[in-house]
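Structural description and commentary
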Amino acid sequence: MKQNISRKEYARLVREYAPQVLELTMRLLRDCREAEDAAQDAFVKAYEKRSSFRGESSFLTWLQRIAYHEALDHLRRREPYMEDIDELTMTMEDEDLSTQREERILLMEETVEELSEKDQLLLHLFYYEDRPLRDIAYIMDTEPNTLSQRLSRLRKKLLLKIKEKENE
């Protein structure tokens, strides 16, 4: 991205990347209004700091890193006992799934919901968006090896929790 980007060009970038940025902030904040505020703050900050974009990553990855930190700032400002009103839910569109498989998927979704927002975001970026660990590490301001280890621990943790719930 050029340092002297026009407002018109920047507006195009906002239109192009808003869905991905909003999805990231929504995953962490789970509140539509707050996620929109964090996304807007991220775009403003990216515009103000556009000269610091060096092209070491894609523009989207750089922008999502800014959005990630903005969402964390919003989380820190929340009241300590504030409950998240909006629950993320997924519906199964494939009616041909067996009941057992449907139950296991719902159990997995329920178990994922019990993870921290950061762990949920990591799983989402890696498995649903198919982002490379290098990009996710940049967004989450950590090392790829650290995320690889964290993913491994998360898989084991999820498997154990799912098995426990199935045995209940």
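Before going further, it helps to examine the nonpolar core. In a soluble, globular protein the nonpolar side chains are often hidden away together inside. Among the nonpolar cores identified, the biggest contains 37 residues, and Tyr 17, Leu 24, Phe 59, Leu 63, Tyr 68, Leu 122 and Met 140 are the most heavily contacted of them. Contributions of two or more residues to this core are made by α1 (7-29), α2 (32-48), α3 (59-77), α5 (117-128), α6 (133-139) and α7 (144-167). The element best represented in this core is α3, accounting for 9 residues. Dropping the residues within four chain positions of it, Leu 24 is found in contact with Gln 64, Ala 67, Tyr 68, Leu 121 and Ile 139.

Bringing the pattern of salt bridges into the picture now. Two side chains of opposite charge can pair, provided their charged atoms sit close to one another. Scanning the model with the defined rule gives 12 salt bridges in all. One connected set of salt bridges, linked through shared partners, spans Glu 110, Glu 114, Lys 161 and Lys 165.

A few words on unusual backbone geometry. A positive phi angle, close to 55 degrees, is found at Arg 30, a residue other than glycine. Here Arg 30 lies in the loop between α1 and α2. On the accessibility criterion, Arg 30 (7% relative accessible area) is buried. The backbone of Asp 130 shows a phi angle near 55 degrees, a positive value even though the residue is not glycine.

What counts, and at which threshold
- Residues numbered from 1 in each chain as written.
- Predicted model: local features only at pLDDT ≥ 70, side-chain atom pairs only at ≥ 80, totals over all residues.
- Heavy atoms only, no water.
- Core = buried A, V, L, I, M, F, W, Y, C linked by side-chain atoms within 4.5 Å.
- Buried < 20%, exposed > 50% of the residue type's maximum accessible area, 1.4 Å probe, protein only.
- Helix = DSSP H or I, 4+ residues; strand = E, 2+ residues; numbered from the N terminus.
- Contact = heavy atoms within 4.5 Å.
- Salt bridge = Lys/Arg side-chain N within 4 Å of Asp/Glu carboxyl O.

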